[in-house]
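Examining the three-dimensional arrangement
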Amino acid sequence: MALFTKTALTSVAALTLLGGTAFAGELVINTDTSDPAPKAAFEALIAGFEAENPDVTVTWNLFDHEGYKTSIRNFLTADAPDVANWYAGNRMLPYVNAGLFEPVNDVWEENGLSESLASAEGSMTIDGKIWGVPYTYYQWGVYYRKDIFAEHGIEAPATWDDFLAAGETLKANGVTPITIGTKYLWTAGGVFDYLNLRTNGYDFHMALTKGEVAWTDDRVRATMANWQTLIDGDFFLENHAAYSWQEALAPMVQGDAAMYVMGNFSVEQFKVAGLDVDTQLGFFQFPVIDPSIPVAEEAPTDTLHIPSGAKNKEDAKKFLAYLARADVQSEVNKTLGQLPVNKNSEVADDVFLQAGAEMLSNTTGGIAQFFDRDAPAEMAKAGMEGFQEFMVKPERLDAILERLEKVRARAY
Amino acid sequence: MNARRKFDQKKIAPWLFLAPGMLMFLIYVIIPVFQSMNISLYDWDGLGEKTFIGMDNYVELFDDEAFYTSLKNNIIWLVLYMLAIPAGLFIALFLNQTVFGIRLYKSLFFFPFVISQVVVGLVFSWFYDPSFGLMNVMLNFFGIDSIAVLADERYVTYGIIAAGLWPQTAYCMILYLTGLNAVDPEQIEAGRLDNAKGWRMLWYVVLPQLKPATFIAIVVTVIGALRSFDLIAIMTAGGPWGSSRVLAFYMYEQAFSEYGFRMGYGAAIAVVLFLIMLVYIAFFLTKMYRDERG
Amino acid sequence: MFPTPIEKSPRSIRLMYNVALPIALIVWLLPLLAVALTSVRPAADLNSGNYWGWPTSFDMIENYTQIFKNTPIGQYILNSFRVTIPTVIFAVALSSMTGFALAIYKFRFNMTIFFIFVAGNFIPFQILMVPVRDFSVNMGIYNTATGLVLFHVAFQTGFCTLFMRNFIKALPYELIEASRVEGVAEWRIYWFVVLPLMKPALAALAVLIFTFIWNDFFWATVLTQGADAQPITAGLHSLNGQWASAWHLVSAGSIIAALPPVAMFFLMQKHFIAGLTLGAVK
């Protein structure tokens, strides 16, 4: 029965099969890291772990990225691996609530992770317990065509007014200020997060995504009003609801649009789409709207967990501890092209990563995960759908907020 | 002795022949229907424990905007999908001639039905693309602005239905082409003597003879319309902002999609869809029952 | 137009008909032709906005090898065959038995059982989805070809039984009577008398089921994940996400996904239409 891609990494795996019953040193890992860079990073990670722990044999099941989101439900209940990757924040809540993840407080205590991984502890904690180990994260912000900005004499804006002015200049020169593809909704979630973090601050944003504040609150309206300024000003790509996020890269690559509110993984995609990232692509922090509010950022964290049905929890914990180490996180993230969570790790020598690391280390206002990780699934879906609708039909704001308020009443 | 054995055999044999098929059907079709009805009474995320909540899912459903949007779209689908029947008849009449190569023409016209709806969906998404889709290239040629069909709540459902009509029309066409083969030439001749022409001929002479084909066409088109899932999943995933959902897709979204963890609620939607379908099942079975008797 | 045969029409109308025919066909298949043309375009054409003009070069071999090399499309196709072929065999086999039982024997519940099979055809998939998926997960056949095959066989039994039963019912019953008089056992009547007469029905059903199952997308999404078991329909959907705006690859993938059922249709056209139109003529 070929259930998953079994990538037995060493020939010892063959012995396991011959032996019939799995011996103590077999560690089963499920991940969705099937894109080239994440795949390479995990190959190296597992090889490194096996070299240090010769008594442990890793069996690695690689899933396709999209399918993983639903298949994790099945394997956690039916055929649990020893380690599985997932995401921090509320995204892991259903599995924690269903008792499918194992708390790993002991791994954190024994390895002093509360210190080295301090920045992510909050997003890994539910009900006072820690549910996994974070190994990578990446910044969000504004990626822009620096050659186009230079051509029209625009500086990377730091304030809302500068940002609006930059947009006007771009429009006057026939360039759409912001490209976006909202067909799959989450891109709109990123824009909302930033506008809300800048308008109302981190604490409010977290209260909102935790369901503690009404969607019809005036502070939410203030965020939406700022958004409406951009919509009314024709800042966003036309027909964005027709495009996926990748399709929306095209106008920017072709020079018809100049900015994209995105995560750092987009750099790779810009390259693939034919942009010369060294000379054409730049990054700036999402501009400040209200200077009295401490600047918060968005940086989704990816994590590893031990399912409660795992057979080899002992080695699974060893693996988590290994992954938490500074040197290991440096290496993994160099290959991933992302940022290590361990504060003693080194950030790869890359303009965008260095910029992100600097920005995040100076962030005092707090770090959000992402709308669909901070809010529970049902709220996230309804919210992002509402944002998409708002971006096309801003006049329906009241109806949208009331609908979200109705979902909030049920989802929490 | 021998006769008696035969007698027993005749009694047992049908059950032995039926057993494997019935067993499979029972496990995979009959029982799950009742299981779903049961699940619809629970609050269940598919992971943890089920909580019995009685009719709460249904109560919520009847106060759910998205449910009504889906229901409305289902009705639009049902009504507009029927266009496949006259359209199929029209093409069948057009092709029902004997000229050189007509058989190949008939096969090629049938083509869209053979290919997967996934491919049809991709083809049409592309046809509608606002920046370079063939439809908009043509509109622009006539000086009309591009329409982002799949991103506009006013057009999206119609755009998907149009894509669905393409293979469905081909299906109806082939049903009618076969039906036309069986049309009695003498009756046509008789009609001609009565001076029936054009529409009158079609309506009073040809169509009555195509009744069996029309019946099958209606049945398959209704099923096709209520099963509309593939095209929506491929072309819009229910968007923009859920305006192209139908019940079948909404159910999937609630129970299995990336953010869907509501098995009970999803099951309730499926039960409603099932009840709608039951009307057609009853209609079809009654008709079949009458045929069997007659 | 019908019922006037075209050869009795005036010359001018005949000429018009012969011109209209290919034009109508091209319009009808326009979306498909566009896809075929795009599947041989070089990527550069799409990047430079040449979507509908003449391709600057014909990269058919390049595009098609590229998708086989860089994606698991070969595996998807293989999976589709691994699901479709057993389903065809088992569904046809099971329903030839159920159809035989319902057509030949008179017993209580005959009509009821027949109607349940028929009604099952109309059931919306969604009401089966959650339980069938749970069942597959519990049985350890989730994400396997076996899991899909079992479900498809069960579900298609409904339609196939309707088909087979009506076909057998139309066979001369005297044949069976005669065999019984000679003392032939019931299973031998099925095997040696009825089955040989059912060849056209078996062929028609086989082609039809092949197309239905090959093109199934919903159950492929519900019961499989990842390249190991996913059939081409679901595979194409996930590849579409990866390819984003690489329409020349999407097109090539679509063409490949469409080829097997199309080939089946052309090879077995007569049976295919016989199967589809069962009941359309009285």
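Coordinates for the structure precede this section.
Presented here is a report on the structure given in the accompanying data block. (Residues numbered from 1 in each chain as written. Chains lettered and ligands numbered in written order. Predicted model: local features only at pLDDT ≥ 70, side-chain atom pairs only at ≥ 80, totals over all residues. Heavy atoms only, no water.)

1. Focus on the overall build of chain C
The secondary structure content of chain C amounts to 15 helices and zero strands. At 24 Å, chain C has a C-alpha radius of gyration far larger than the 19 Å of a compact globule built from 282 residues. In terms of its C-alpha atoms, chain C occupies a principal-axis envelope of roughly 75 × 65 × 30 Å. Out of the 282 residues in chain C, the part that is buried amounts to 60%. For chain C, the proportion of contacts with a sequence separation of at least 24, taken over those separated by at least 6, is 74%. Within the structure as shown, chain C displays about 11400 Å² of accessible surface, and the carbon and sulfur contribution to it stands at 69%. Between the centroid of the 16 positive side chains of chain C and the centroid of its 11 negative side chains there is a distance of 9 Å. (Helix = DSSP H or I, 4+ residues; strand = E, 2+ residues; numbered from the N terminus. Rg over C-alpha atoms; globule rule 2.2 N^0.38 Å. Buried < 20%, exposed > 50% of the residue type's maximum accessible area, 1.4 Å probe, protein only. Contact = heavy atoms within 4.5 Å. Areas by Shrake-Rupley, 256 points an atom, 1.4 Å probe, with all protein chains shown as cover. Lys, Arg positive; Asp, Glu negative; His and termini not counted. Charge placed at Lys NZ, Arg CZ, Asp CG, Glu CD.)

2. Thoughts on the nonpolar core
Counting 207 residues, the largest nonpolar core has B:Phe110, C:Leu128 and C:Trp219 as the members making the most contacts within it. For B:Phe110, the contacting residues outside a window of four places in its chain are B:Ala170, B:Tyr171, B:Met173, B:Ile174, C:Phe265, C:Phe272 and C:Leu276. Ranked by size, the runner-up nonpolar core spans 132 residues in total, among them A:Ala88, A:Phe163, A:Leu323 and A:Phe371. (Core = buried A, V, L, I, M, F, W, Y, C linked by side-chain atoms within 4.5 Å.)

3. Some details on the pattern of salt bridges
Note that side chains of opposite charge can pair when their charged atoms are close. One pass over the full model with this rule turns up 32 salt bridges over all chains. Across the pair B:Arg245 and B:Glu253 runs a salt bridge whose closest N-O atoms are separated by 2.6 Å. Here the residues in one salt-bridge network are A:Glu389, A:Arg396, A:Arg403, B:Glu65 and B:Glu153, joined through shared partners. (Salt bridge = Lys/Arg side-chain N within 4 Å of Asp/Glu carboxyl O.)

4. Quick look at the sheet that holds strand β9 (residues 176–178) of chain A
All names here are of chain A. Ordered in space as β9-β10-β8-β11, the four strands form an open sheet in which the pairing is mixed. Whereas interior strands pair on both sides, the edge strands pair on one side only; in this sheet they are β9 and β11 (281–284). Here the average twist between neighbouring strands, direction ignored, is 25 degrees. With two bridges joining them, β9 and strand β10 (residues 257–263) adopt parallel strand pairing. Its bridge partner being in β10, Ile178 is matched across the sheet by Met259. Docked against the sheet, helix α18 (residues 351–361) engages β8 (140–145) and β11, running at close to 5 degrees with respect to β11. (Pairing = 2+ DSSP bridges. Axes fitted to C-alpha atoms, helices over the stretch in contact; angles between N-to-C directions.)

5. What to know about unusual backbone geometry
One non-glycine residue, A:Asp127, lies in the positive phi region at around 55 degrees. Here A:Asp127 is to be found in the loop between β5 (125–126) and β6 (129–130). A positive phi angle, near 60 degrees, is found at C:Asn143, a position not held by glycine. Turning to its location among the elements, C:Asn143 is positioned in the loop between α7 (126–139) and α8 (145–169).

6. Observations regarding the interface of chain B and chain C
On the side of chain C, 106 residues touch chain B, which itself brings 98 residues to the contact. Between chain B and chain C, the buried area comes to about 9500 Å², and carbon and sulfur atoms account for 80% of it. When the buried surface of chain B facing chain C is broken down by residue, B:Phe17, B:Tyr28 and B:Trp126 rank first, second and third, together holding 10% of it. Counting every contact that joins chain B to chain C gives one salt bridge. Linking chain B with chain C are ten residue pairs in polar contact (both at pLDDT 80 or more), by the criterion used here. The greatest single-element share of the side of chain B that touches chain C, amounting to 22 residues, is contributed by helix α1 (residues 2–39) of chain B. Counted by class, the side of chain B that touches chain C contains 77 nonpolar, 13 polar and eight charged residues. (Buried area = accessible area lost by both parts, 1.4 Å probe. Polar contact = N/O pair within 3.5 Å; in protein donor to acceptor, adjacent residues only side chain to side chain. Nonpolar A, V, L, I, M, F, W, Y, C, P; charged D, E, K, R; others polar.)

7. Some words on the pairing of β11(A)
Residue and element names in this part refer to chain A. Side chains Leu281 and Phe283 project from β11 onto one buried face, and the interleaved Gly282 and Phe284 project onto a second face that is buried too. Bridge analysis of β8 against β11 gives four bridges, and the strand direction is antiparallel. By the bridge assignment for β11, Tyr144 is matched with Gly282.

8. A closer look at the pairing of β8(A)
The two faces of the sheet receive side chains in turn, since in a regular strand these alternate between them. Residues and elements named next belong to chain A. By the criterion of burial, β8 is predominantly enclosed, with six of the six residues buried. Direction of pairing for β8 relative to β10: antiparallel, over a ladder of five bridges. From the neighbouring strand, Gly141 faces β10, where its bridge partner is Met262.

9. A look at the side chain of C:Asn215
Mapping C:Asn215 onto the fold places it in the loop between α11 (199–214) and α12 (218–223). Reaching out from C:Asn215, the side chain makes a polar contact with the backbone oxygen of B:Val114 at a distance of 2.8 Å.

10. As for a negative patch on the surface
A contiguous patch of negative charge, built from A:Asp232, A:Asp234, A:Glu238 and B:Asp145, is present on the exposed surface. Tracing the backbone through its elements, the reader meets A:Asp234 in the loop between α12 (218–232) and α13 (249–253). When its relative accessible area of 56% is taken as the criterion, A:Asp234 is described as exposed. (Patch = residues over 30% accessible without salt bridge, like charges linked within 9 Å, V, L, I, M, F, W, Y side chains within 5 Å.)

11. A few points about helix α10 (residues 198–209) of chain B
Spanning twelve residues, α10(B) covers 16 Å between terminal C-alpha atoms, matching the ideal 16 Å at 1.5 Å per step. In this structure, the buried residues of α10(B) make contact with α4 (84–95), α8 (156–181), α9 (185–193) and α11 (211–226) of chain B. (Expected span 1.5 Å × (residues − 1).)

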